[in-house]
Amino acid sequence: MKYYIGIDLGGTNIKAGVVDENYNIIAKATCKTNLPRPAEDICADMAKVSLEAVEKAGLTVDNIECIGIGTPGIANSAEGIIEYSNNLGFDNVPVVELMRKHIDKPVYVENDANAAAYGEFVAGAAKGANNAVAITLGTGVGGGIIINGKIYSGSNFAGAEIGHMVIEVDGPQCTCGRKGCFEVFSSATGLIRMTKEAMEADKSSAMWEMSKEDDHISARLPFNAMRAGDKAATEVVNKYIKYLAAGITNTINIFQPDILCIGGGVCNEGDPLLVPMKELVAKEVYTRASKKNTKIVIASLGNDAGIIGAAFLGLSK
Ligand code: BMX
Ligand code: ZN
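What you see is a predicted model; the values in this text were computed from it and never measured.

Undergrad: Explain the pairing of strand β9 (residues 132–137) here, please?
TA: A regular strand places its side chains so that they alternate between the two faces of the sheet. Most of β9 is tucked away, with five of its six residues classed as buried. Counting the residues between successive antiparallel strands, the hairpin from β9 to strand β10 (residues 141–147) contains three residues. The pairing of β9 with strand β12 (residues 259–263) spans five bridges and is parallel. Directly across from V133, in β12, lies its bridge partner L260.

What follows is the structure in structure tokens.
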């Protein structure tokens, strides 16, 4: 049996997993990213949690084939450098070289959403597809594109930033510097922002009372309040679905993948989100008259997609 290490480097947590050749995670370890701090220290911790996971799996480093890292931002996979990551505070960090000081194995690095897309492609909802796109609805909107079985990240390693296509010119400010990006509306962060705006505009909304129970405004709140019949919440959810459908339709029009999968906590809402979203896409997509349409599915590996995809990055090259 062959074993691989996949690392999901996030703004909050560093997660490492040992994955076997059948794509099963057999052990995991995690620690806080604790930003801001030097890249050297973060790499030392990535190595530390990797070794912890190896030990938990009852293995030694000798059993490991290679290591893959998924990171937000621009990952130069050819040179092993994280060129830019605003939320990690990284600027041209030679992550592969730094990791190899701790563990002498081949190390690969990719954008986090590309790694998650690759995970879904090798072992999840996009398995068997030739061309696939994965969109993650989290803090941001991540995009990963698989073309002919390979990760596509463009000539500058910064392709597939689907979250930063503008869907409303002069819309709300995005962290990337543009306004009205897909991410501003369709991330969980965007949904929370729109929920707060709707609450401010309607002081009689049931969301005020419901948010007291949770003690904060979550992305689940508008869905829960919609089920309870709240008008403002229903409007927020409809707006969210409308923007999500616009971004997905744009993406399908460009790539026409076999499968487009969406992941992230918001997808746990299931049918109340998916059914109307798919209806909107079906009405507007360029190929609506064709029988061959992209299948839109929920990502099946959940939070593990990033670890599994990262573990097999060596195979995507
Ligand atoms: C942002 C961008 C993407 C990333 C996406 C999802 C940065 C630091 N991040 O659009 O590279 O794939 O967020 O990130 O520029 P997540 O934090 O939601 O997983
Ligand atoms: Zn943007």
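Undergrad: Help me understand the packing of helix α5 (residues 188–201) against helix α8 (residues 231–255), please; the structure alone is not making it clear to me.
TA: Geometrically, a packed helix pair is captured by the angle between its two axes and the distance between the axes. Running from N to C, α5 and α8 point in directions that differ by 145°, and their axes come no closer than 10 Å. Like other packed secondary-structure pairs, α5 and α8 cross with a definite hand, here right-handed. In this structure, α5 uses L191, M194, T195, E197 and A198 to contact α8, whose residues at the interface are A232, V236, K239 and Y240.

Undergrad: Is there a simple way to explain the nonpolar core in this structure?
TA: Most often, soluble globular proteins keep nonpolar side chains buried together rather than apart. I135, I248 and M277 are the most contacted members of the largest nonpolar core, which has 44 residues in total. Those elements giving two or more residues to this core turn out to be β9, β10, α4 (182–186), α5, α7 (221–227), α8, β12 and α9 (271–284). The element best represented in this core is α8, accounting for eleven residues. Excluding anything up to four places from it in sequence, M277 contacts I241, L244, A245, I248, I262 and I296. Counting residues in hydrophobic clusters, the runner-up holds 33 residues, among them L9, I14, C43 and M46.

Undergrad: Teacher, can you tell me more about the site of ligand 1 here?
TA: The environment of ligand 1 is formed by 16 residues, the closest being D112, G140, E161, H164 and E183. Take D112: an N or O atom from its side chain is 2.7 Å from an oxygen atom of ligand 1. About the coverage of ligand 1: the protein hides 83% of its 460 Å² of free accessible area. Among the secondary structure elements, those contributing two or more residues to the shell around ligand 1 are α3 (112–123) and β10. A breakdown of the residues in the shell around ligand 1 according to their chemical character gives three nonpolar, ten polar and three charged. Looking at which domains feed residues into the shell around ligand 1, each of domain 1 (3–122 + 304–316) and domain 2 (128–300) gives three or more.

Undergrad: Before we go on, may I ask you to explain the side chain of S50 in this structure?
TA: Within the secondary structure, S50 sits in helix α1 (residues 39–56). Discounting chain neighbours no more than four positions away, the residues touching S50 are I5, I7, A16 and I103.

Undergrad: What exactly am I supposed to notice about the coordination of the zinc ion (ligand 2) here?
TA: For a metal with four donors in a tetrahedral arrangement, the ideal angle between donors is 109.5 degrees, while six donors in an octahedron ideally sit at 90 or 180 degrees. Surrounding the zinc ion (ligand 2) are the protein donor atoms H164 (ND1), C174 (SG), C176 (SG) and C181 (SG), at 2.1 to 2.4 Å. Relative to the metal, the four donor atoms surrounding the zinc ion (ligand 2) lie at angles of 104 to 123°, and the coordination shape comes out tetrahedral. We note that the donor set of the zinc ion (ligand 2) lies within a single chain, spaced as H-x9-C-x1-C-x4-C. C176 sits in the partly exposed class, given a relative accessible area of 39%. Of the residues examined, C181 reaches a relative accessible area of 0% and is grouped as buried.

Undergrad: Would you explain unusual backbone geometry in this entry?
TA: Leaving glycine aside, a negative phi is the common case for residues, and trans is the common case for peptide bonds. With an omega of -5°, the peptide bond between L35 and P36 qualifies as cis. Of note, P36 is situated in the loop between β3 (25–32) and α1. Even without being glycine, N92 reaches a positive phi, approximately 50°. Looking at the secondary structure, you find N92 in strand β7 (residues 90–93). What makes N92 partly exposed here is its relative accessible area of 48%. At Q256, a residue that is not glycine, the phi angle is positive and equals roughly 40°. Structurally, Q256 can be placed in the loop between α8 and β12.

Undergrad: Help me understand the sheet that holds β3, please; the structure alone is not making it clear to me.
TA: Hydrogen bonds between backbone atoms are what pair the strands of a sheet, whose relative direction is either parallel or antiparallel. Taking strand neighbours across the sheet as the criterion, the five strands line up as β3-β2-β1-β4-β8 in an open arrangement whose pairing is mixed. The sheet terminates laterally at β3 and β8 (107–111), the two strands that pair on one side only. Taken pair by pair, the neighbouring strands of this sheet meet at an average axis angle of 20°, ignoring direction. The sheet contact formed by strand β2 (residues 13–20) and β3 spans seven bridges and is antiparallel. Pairing of K15 across the sheet is with T30, part of β3. On the sheet, α1 packs against β1 (3–9), β2, β3 and β4 (64–71) and is oriented at approximately 145° with respect to β3. Where α3 meets the sheet, it contacts β4 and β8, and its direction lies at approximately 105° from that of β8.

Rules used in this analysis
Residues numbered from 1 in each chain as written. Chains lettered and ligands numbered in written order. Predicted model: local features only at pLDDT ≥ 70, side-chain atom pairs only at ≥ 80, totals over all residues. Heavy atoms only, no water. Buried < 20%, exposed > 50% of the residue type's maximum accessible area, 1.4 Å probe, protein only. Helix = DSSP H or I, 4+ residues; strand = E, 2+ residues; numbered from the N terminus. Pairing = 2+ DSSP bridges. Axes fitted to C-alpha atoms, helices over the stretch in contact; angles between N-to-C directions. Left-handed = near helix turned anticlockwise from the far one by under 90°. Contact = heavy atoms within 4.5 Å. Core = buried A, V, L, I, M, F, W, Y, C linked by side-chain atoms within 4.5 Å. Near = heavy atom within 4 Å. Polar contact = N/O pair within 3.5 Å; in protein donor to acceptor, adjacent residues only side chain to side chain. Areas by Shrake-Rupley, 256 points an atom, 1.4 Å probe, with all protein chains shown as cover. Nonpolar A, V, L, I, M, F, W, Y, C, P; charged D, E, K, R; others polar. Domains from an automatic or database assignment. Donors = N, O, S within 2.8 Å, 3.2 Å for Na, K, Ca; no water. Tetrahedral: all angles 85-135°; square planar, octahedral: opposite > 155°, others 65-115°.

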